[in-house]
Amino acid sequence: MAEKFDLIVFVGPPYAGKTQYYCQHFSKTHVRLSATEEYVKDPTLGIRHIGLMVVKLLKQGRKVVLDDENWSSLTRKSYFNLVLNKSPGTSCICIIFKQAHGRIQLYWSREFAFAQHVACRKDIDGSKEHLFKMNMSDEKIDRWIGDNEGGRLKYNTLDKPDIPSASECTMVQEVSLGLQAVTKWKFEVPAMFIQLEGMVKIKDGDPELHDGVMKTLLLWYQRNPCGRIIVISEGPTGTKTTSSQKQKQIKKVLCTVSEQLHDCPVYLLDIVDPQSSGLFTESLQPGIIAFLQRLHNLDLLNKGTVYLYQSNSHKKCAENAGVKHVQASKVFSHPSLITSFHAMTVPAVPAVLAEMQLVSSLDDNDTTPEIPGYQTASTSNDAVTMLELGCGRRLYIAFKDKDVLKRYQELYEDNSTLVGSPGSGIADLIQQATTIDTKQSSTLPTNSNVSNKSLLSTGSRDLPKWMLPKSERSRQPGSTDTSTLDTSDVTEDSSMRKGAARKSKLSTMLYVMSEEELLETAQLILTEATNDTLPEHGKEDGTKAHPLTDTRDSPLTRVRVCDDSGTNLTCNEKSRTALGGNTTDSQSDSTTGACETKMADLVDEIFSDEGSTSKRPPRTKRKPIKRQAHWDDLDFAGDTVDNEDETDVKLLCNTKEGMGANATITTVPETAEEHNGGQIRESKTKTTKWKTLPDTTFLDDIF
């Protein structure tokens, strides 16, 4: 609809996407004119000169778009009055640009614009730095957004923008845009960001790499070919370190690293002047990552992208950018963690990135993808090339030799993917490297002294101990010798074992027995307690007999089992074994008396009245019934009758020899008189009325 108007005036903050909106919708019908760009070309120009340029184009029959902030109503009124006076009947419209994600969207877009400007520059001379004065753009962005997001900056003295109204022009229209990245190549490159202070230590004034740094870099690049290794340095390294000293330290560190990397260069971004770099690159802000994302075409959500931090400010920077991060010292102590996704913290993806769109660039000169600084580094004779980017930033690129740099450029050129094309060439390359690494893992060297170069070529993977089975924790491929292991590994493993033990205790399962199972268990306990007090009897061979295996007759009882006709039934040997005795006579003693008492208590508890609900008296107050008995493996119920010398008990026999037969058990109870040659001199009996007892056939399986 807006294409029909002769003059279109854009109104909105800088980096709101106005220029890209013109390229997408009005480039074929309108001519773009920017007052800011014209002022840079000729500082003597004013608003009237810009208005006359518009009138000239309109008289030529061309439609015009004024692409600028146009925040003042006075400026817009000057344009409209001049145009209508010189070219009556001109239709005018104001388009107001809104941001879907507010201030952070404008900051992110500004970093994209600056990175695109750096990438397109053939010579790094700073001649166009005036187009990106971060301090000035901070104030301009704050003028538009500050009142809506927590208030304006204290030092901002710019006037508030005037929102256009329908009285100014023919029509007013609003447009809401999200973050857009203008590029010809997809954001598909994984990256490993490393805080400089986390990978080096200063010893006697000279920087030294921490142990495990090189192995970490090699393992990561092996899994992420064509990925970027980027070191980030923020501000001075120390209060007494000058700028020249810092440059020497950085170059020494990069030389040490690049000499051991045979397949890729190393980048380092140094924030020389934080104030000139802008608010979005200060601590806790992800401006540095936003700038590097567009400069290197990075995929921040890639599985291989990770940020190794040491200070809390860099950790917050990674969190605000939605980049996986892990503490640098932790990874350098255990380099294999760099390939473990579960060892990293995965923050939420910012909404501004989740809704970001890649817009294909119309630049015909951008026909070949190129790594940053390649043109300058390839013509330099130094192993470390320094590029002054402007806006308080400095970029270093280090490589072992020019062959490494050339191979890396060719690898990136062959696998880059155009915006709008299906798939991802670099993602396919990473997948192939992962597949090869998996196939070679079965032939990894077990020598712990393998060099970093051989580790890279063989595809070894040093997994942490807690990820390995218990049987393999003592020795794993590529593991460090136990004599050189870090003590933190032992502490970590010990704490894990303690945690597992606590978890095991908390998850213990308890089994609650039923009433029948409880009774069965009590019988077993009492039987074992009784057997422990039985006297040991010697066998014929002189060995001691076990009370549960000896099948000889016990001297404690004399049992006669018969049917109604008086025929003797065979005594079940299994039952006799359970009670631990045989039926031979022997002289009783004090031990036998104690055993008889326990046996009597056992019989009373087994055959007590289960239907009674009255509380039983304590065992100490009960008068034990001393009864000599040897029970066969029977299920029985019956009555007892008194005789002078013996007690006959009629039972329902349930034996193997006669199921359901009637039987009589004759017992001789203990008296005050002693046995005399097997003859009973005097006997006293007690009549007991036995009631129907429960089914105790389950005792067969126990005894």
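Everything numeric in this text was worked out from a predicted model, so none of it was measured.

(A) Representation of the sheet that holds strand S5 (residues 171–177). Ordered by their spatial adjacency, five strands build an open sheet running S2-S3-S1-S4-S5, and the pairing between neighbours is parallel. Only two strands of the sheet have a single partner each, and these edge strands are strand S2 (30–33) and S5. Adjacent strand axes in the sheet meet at a mean angle of 25° when their direction is disregarded. Relative to strand S4 (residues 92–99), strand S1 (residues 7–11) runs parallel, the two sharing five bridges. Counterpart to Phe10 in the pairing with S4 is Ile95.

(B) Seen up close, the nonpolar core. Ranked by internal contacts, the top residues of the largest apolar core, which has 123 residues, are Trp108, Phe193, Met199 and Leu308. When near neighbours in sequence (up to four residues on either side) are disregarded, Met199 contacts Ile194, Glu208, Leu209, His210, Val213, Val231, Val257 and Phe332.

(C) Layout of the pattern of salt bridges. Considering all chains together, one arrives at 13 salt bridges under this definition. A salt bridge links Glu319 to Lys316; the shortest N-O distance between them is 3.7 Å. With Glu319 and Lys316 both in helix H12 (residues 312–321) and three residues apart, this pair spans about one turn of that helix. The salt bridge partner of Arg394 is Glu388, with a shortest N-O separation of 2.8 Å. Taking relative accessible area as the criterion, Glu388 reaches 38% and is therefore assigned partly exposed. Taken together, the shared-partner salt bridges connect Arg32, Glu37 and Asp67 into one network.

(D) Focus on the packing of helix H5 (residues 102–120) against helix H6 (residues 134–145). Their axes nearest at 10 Å, the elements H5 and H6 cross at an angle of 150°. One finds that H5 runs roughly antiparallel with respect to H6. The hand of the H5/H6 crossing is right-handed. Counted together, Arg103, Leu106, Tyr107, Arg110 and Phe114 of H5 and Met134, Ser137, Asp138, Ile141, Asp142 and Ile145 of H6 form the full contact between these two elements. By residue class, the composition of the contact of H5 with H6 is six nonpolar, one polar and four charged.

(E) Focus on the side chain of Arg393. Here Arg393 shows up in strand S16 (residues 393–398). Within the local environment of Arg393, its side chain forms a polar contact with the side chain of Glu111, the two groups lying 2.8 Å apart. Non-local contacts of Arg393, meaning those with residues more than four positions away in its chain, are made with Glu111, Phe114, Met134, Leu269, Asp270, Ile271, Ser277, Thr281, Phe291, Leu387 and Glu388.

(F) Spotlight on a nonpolar patch on the surface. Taken together, Tyr511, Met513 and Leu518 make up a surface patch of nonpolar side chains, about 350 Å² in accessible area. Its location among the elements puts Met513 in the loop between helix H19 (487–506) and helix H20 (515–533). Owing to a relative accessible area of 38%, Met513 belongs among the partly exposed residues under this scheme.

(G) Quick look at the packing of helix H3 (residues 47–59) against helix H4 (residues 73–86). Between H3 and H4, the least distance of the axes is 9 Å, while the angle of their chain directions is 40°. By the angle between their directions, the pair H3 and H4 is classed as oblique. Crossing of H3 against H4: the hand is right-handed. Contacts from Ile47, Arg48, Ile50, Gly51, Leu52, Val54, Val55, Leu58 and Lys59 in H3 reach Thr75, Ser78, Tyr79, Leu82, Val83 and Lys86 in H4.

(H) Seen up close, the confidence of the model for the protein. Per-residue confidence for the protein gives a mean pLDDT of 74, with 62% of residues at or over 70. Within the model, the stretch residues 442–459 combines pLDDT values under 50 with 30 contacts to residues more than four positions away or in other chains. Here residues 476–493 is modelled with pLDDT under 50, and outside its nearest four sequence neighbours on either side it reaches 23 contacts, counting other chains as well.

(I) Just the sheet that holds strand S13 (residues 325–327), in detail. Strand order in this open sheet of seven strands is S13-S12-S7-S10-S11-S16-S15, and the pairing throughout is mixed. Both outer strands of the open sheet, S13 and strand S15 (384–390), are each paired with one neighbouring strand and no more. In this sheet, neighbouring strand axes are inclined to one another by 20° on average, regardless of whether the strands run parallel or antiparallel. Across six bridges, S15 lies against S16 in antiparallel orientation. Within S16, the position partnered with Gly390 by the bridge is Arg393. Each of strand S7 (191–195), strand S10 (228–234), strand S12 (306–309) and S13 is contacted by H12, which is oriented at about 165° to S12, the strand it contacts most.

(J) Structural detail: the packing of aromatic side chains. Inspection of the entire model under this criterion finds 10 aromatic pairs. Where Phe10 meets Tyr21, the ring centres are 6.4 Å apart and the plane angle is 70°; that geometry is what we call edge-to-face. Of this pair, Phe10 sits in strand S1 while Tyr21 sits in helix H1 (residues 18–25), and the two are 11 residues apart along the sequence. The same class applies to Phe10 as to Tyr21, namely buried. When the ring of Phe10 is compared with that of Phe97, the centres are 4.9 Å apart and the planes differ by 75°; the resulting orientation is edge-to-face. You can see Phe10 sitting in strand S1 and its partner Phe97 sitting in strand S4, a full 87 residues away along the chain. Each member of the pair, Phe10 as well as Phe97, carries the same accessibility label: buried. One aromatic cluster is present, built from ring pairs that chain together Phe10, Tyr21, Phe26 and Phe97.

(K) Spotlight on H6. The end-to-end C-alpha separation of H6 is 16 Å, in line with the 16 Å expected for 12 residues at 1.5 Å each. Within H6 the residues assigned to the buried category are Met134, Ser137, Asp138, Ile141, Asp142, Arg143, Trp144 and Ile145. Check the buried side of H6 and you find it contacts S1, S4, H5, helix H10 (274–277) and S16.

(L) Here's a closer look at the pairing of S10. Across the seven residues that make up S10, a large majority, six, are buried. Strand direction decides the pairing type here: S7 and S10, joined by five bridges, are parallel. Each residue of the ladder has a partner; that of Gln195, found in S10, is Ile232.

(M) Representation of a negative patch on the surface within the structure. On the surface, a cluster of negative charge is contributed by Glu370, Glu410, Glu413 and Asp414. Exposure remark for Glu413: the relative accessible area of 38% places this residue in the partly exposed category.

(N) Inspection of unusual backbone geometry at higher detail. Backbone geometry at Tyr15 places phi at a positive 65°, although glycine is not the residue there. Mapped onto the elements, Tyr15 comes out in the loop between S1 and H1. Residue Asn297 is not a glycine yet carries a positive backbone phi of 55°. Tracing the backbone shows Asn297 in the loop between helix H11 (287–296) and S12. Relative accessible area serves as the criterion here: at 7%, Asn297 is assigned to the buried category.

Rules behind the numbers
Residues numbered from 1 in each chain as written. Predicted model: local features only at pLDDT ≥ 70, side-chain atom pairs only at ≥ 80, totals over all residues. Heavy atoms only, no water. Pairing = 2+ DSSP bridges. Helix = DSSP H or I, 4+ residues; strand = E, 2+ residues; numbered from the N terminus. Axes fitted to C-alpha atoms, helices over the stretch in contact; angles between N-to-C directions. Core = buried A, V, L, I, M, F, W, Y, C linked by side-chain atoms within 4.5 Å. Buried < 20%, exposed > 50% of the residue type's maximum accessible area, 1.4 Å probe, protein only. Contact = heavy atoms within 4.5 Å. Salt bridge = Lys/Arg side-chain N within 4 Å of Asp/Glu carboxyl O. Parallel < 35°, antiparallel > 145°, perpendicular 65-115°, else oblique. Left-handed = near helix turned anticlockwise from the far one by under 90°. Nonpolar A, V, L, I, M, F, W, Y, C, P; charged D, E, K, R; others polar. Polar contact = N/O pair within 3.5 Å; in protein donor to acceptor, adjacent residues only side chain to side chain. Patch = residues over 30% accessible without salt bridge, like charges linked within 9 Å, V, L, I, M, F, W, Y side chains within 5 Å. Areas by Shrake-Rupley, 256 points an atom, 1.4 Å probe, with all protein chains shown as cover. pLDDT = per-residue confidence, 0-100. Phe/Tyr/Trp six-rings, centres within 6.5 Å; stacked < 30°, edge-to-face > 60°. Expected span 1.5 Å × (residues − 1). Lys, Arg positive; Asp, Glu negative; His and termini not counted. Charge placed at Lys NZ, Arg CZ, Asp CG, Glu CD.

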